[in-house]
Every structure is written in structure tokens, then in C-alpha cells.
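# Topology and contacts: notes
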Amino acid sequence: MADQWVFKSETYDNCNCSVSCGCQFNEPTTHGNCQFAYVGAVVAGHFNGTPLAGLNWSLLCIFPGEIEEGNGKRQIIIDERANEAQRIALETIISGKACRPLSNHFSVFGSLCTEFFETHFLPINLEVNLQLRTANVDIPSVVKSVGRPIINKFNGEPFHIALARPAGSFEFTYGEIGQGTTSVSGDMEMAFEDSWALFCVHHYNQDGLIR
């Protein structure tokens, strides 16, 4: 019997593109390559009956050119609080192996990577507020990131900018846009400042995006 699961995460994503990330509109990346760090908190979910709510996760990727050209590097980080069954479940979902092919962003990115680093099980300290477009991430010795709203330079007020995707998306249906600054050490070393940040809900099952 095929795996039966649900994964619902409040997620913060920071990449090296400008805040008008071309990937969202089938346009080229800002710098001709893509580097990103996703960090999320599972708010509801299970994998074949194994509960997943309350656990955090992270996905790190580096693509030397445009994402669709492939040759990416990937590393998964899973909350050290997860038990063995939960670790296997989250790694299976985030690797993109448990769903219909290319039906969510985990599967798409996984299909375009050729180098896979060992999964880490670490403390993932995450504070994220999707509505306020704020995030604070600390994965000791690996990831530090801060997300914030884009500020209107004329009046000092936060811009409220969002993307709605009623159809066609394999990642989210609605996302809040902000800015982030991230540094990653270790196998996936990268750093970017005041760049594209996405605050969204990832809601998937074995068939793909749940609308």
C-alpha cells in the first residue's frame, strides 16, 4: 500500500535573489544561480499514522545555475526532538520520495539535485510569524537567519506584499513576501543579505499540494 500522509508547515524561505525573485514568474534568477534555506514548523500532519506536529525542519539547496538546469546540492536538517519513526517520516517527505513525482516542491528540487549531503538531526530554533512576515532561525553551527517585512522607504511603514496562486503551483496557494538575511556553515556554505523571503503554508499529501 502506498504511503498515506499529510504535511502542513508554517514555513520561512530565504534565497539569494532580489525581493522580486524571478523563479516565481518563470523568469531568470537575479544572479544566475540559486541558493536557499527553507525552515518550517509542522503544525499538523502524520505519516502512515506517525504524528509529525510540533517538529521543525530545514531544507538547504544550492544550484550553480538556473534551478531547471539541475546539478544542485541538497541537505536536509530534522528536529533532534523527533523519534526514529518521525525522523524517517520527515526525511522521506522532505526528500520528495513519498509523493506523486513533481507534485510538490520537495520532489521538484530533489529531482534536480545530483549531490546529497548527510541529513543532520539538530536543534532547530525557529520563531516565525506569517502575518507579520518575521522569522528568527538558529540551527547551532549551521544556519542563522532573520526575516522581516519590506519597509517602505518613503513612510517607514511595512509593505504588505503577497502572492496568490489559485492554480498552477506545486508549492503554495498564498505567500507573504519579505526580506531575509541568512548565513549557512558546513557542507552547504552560503550567505545572502536583504534578499527574497517567503512566508507561507506548505500543505501537502501523497498526491501533492492540498488546496
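Residues numbered from 1 in each chain as written. Predicted model: local features only at pLDDT ≥ 70, side-chain atom pairs only at ≥ 80, totals over all residues. Heavy atoms only, no water.

### Concerning the overall build of the protein chain
Along the backbone of the protein chain there are two helices and 14 strands. In terms of overall size, the protein chain behaves like a compact globule, its C-alpha atoms giving a radius of gyration of 16 Å where 211 residues would be expected to give roughly 17 Å. Over its C-alpha atoms, taken along the principal directions, the protein chain stretches across nearly 55 × 40 × 35 Å. When the 211 residues of the protein chain are sorted by exposure, 52% land in the buried category. Across the protein chain, every contact between residues at least 6 apart in sequence was considered, and the portion connecting residues at least 24 apart equals 65%. Entry remark: accessible area of the protein chain is about 9,800 Å², with carbon and sulfur atoms responsible for 51%. Looking at the protein chain, you have 13 positive and 23 negative side-chain charges, and the mean spots of the two groups are 4 Å apart. (Helix = DSSP H or I, 4+ residues; strand = E, 2+ residues; numbered from the N terminus. Rg over C-alpha atoms; globule rule 2.2 N^0.38 Å. Buried < 20%, exposed > 50% of the residue type's maximum accessible area, 1.4 Å probe, protein only. Contact = heavy atoms within 4.5 Å. Areas by Shrake-Rupley, 256 points an atom, 1.4 Å probe, with all protein chains shown as cover. Lys, Arg positive; Asp, Glu negative; His and termini not counted. Charge placed at Lys NZ, Arg CZ, Asp CG, Glu CD.)

### Digging into the layout of surface pockets
Any empty space left between the atoms is revealed when a probe the size of a water molecule rolls over them. Approximately 600 Å³ is the volume found for the largest pocket. Of all the secondary-structure elements, those providing two or more residues to the lining of the largest pocket are β1 (5-15), β2 (34-47) and α2 (105-111). Looking at which element gives the most residues to the lining of the largest pocket, the answer is β2, with three residues. Counted by class, the lining of the largest pocket contains 13 nonpolar, five polar and six charged residues. Estimates place the volume of the second largest pocket at around 160 Å³. In terms of lining, the second largest pocket is formed by Leu130, Gln131, Phe172, Thr173, Tyr174, Glu176, Phe199, Cys200, Val201, His203, Leu209 and Ile210. Taken together, the elements giving at least two residues each to the lining of the second largest pocket come down to β12 (174-184) and β13 (190-205). (1 Å grid on protein atoms, 1.4 Å probe; cavity = no way out; pocket = protein on both sides within 12 Å on 5 of 7 lines; lining within 4 Å. Points joined across faces, edges and corners; volume = space filled by probe spheres on them. Nonpolar A, V, L, I, M, F, W, Y, C, P; charged D, E, K, R; others polar.)

### Points about the environment of proline 158
By the element assignment, proline 158 lies in the loop between β10 (143-148) and β11 (161-164). Overall, the relative accessible area of 44% leaves proline 158 in the partly exposed class. A sequence separation of 130 residues divides proline 158 from proline 28, and the C-alpha atoms of the two residues are 27 Å apart.

### Some words on the pattern of salt bridges
For the structure on display, the rule yields four salt bridges. A salt bridge links aspartate 79 to arginine 81; the shortest N-O distance between them is 2.5 Å. With its nearest N and O atoms 3.8 Å apart, the salt bridge here joins glutamate 176 to arginine 133. Residue glutamate 176 is found in strand β12, and its partner arginine 133 is found in the loop between β8 (125-129) and β9 (134-139); the two are separated by 43 residues along the sequence. Pair check on accessibility: glutamate 176 and arginine 133 agree, each one buried. (Salt bridge = Lys/Arg side-chain N within 4 Å of Asp/Glu carboxyl O.)

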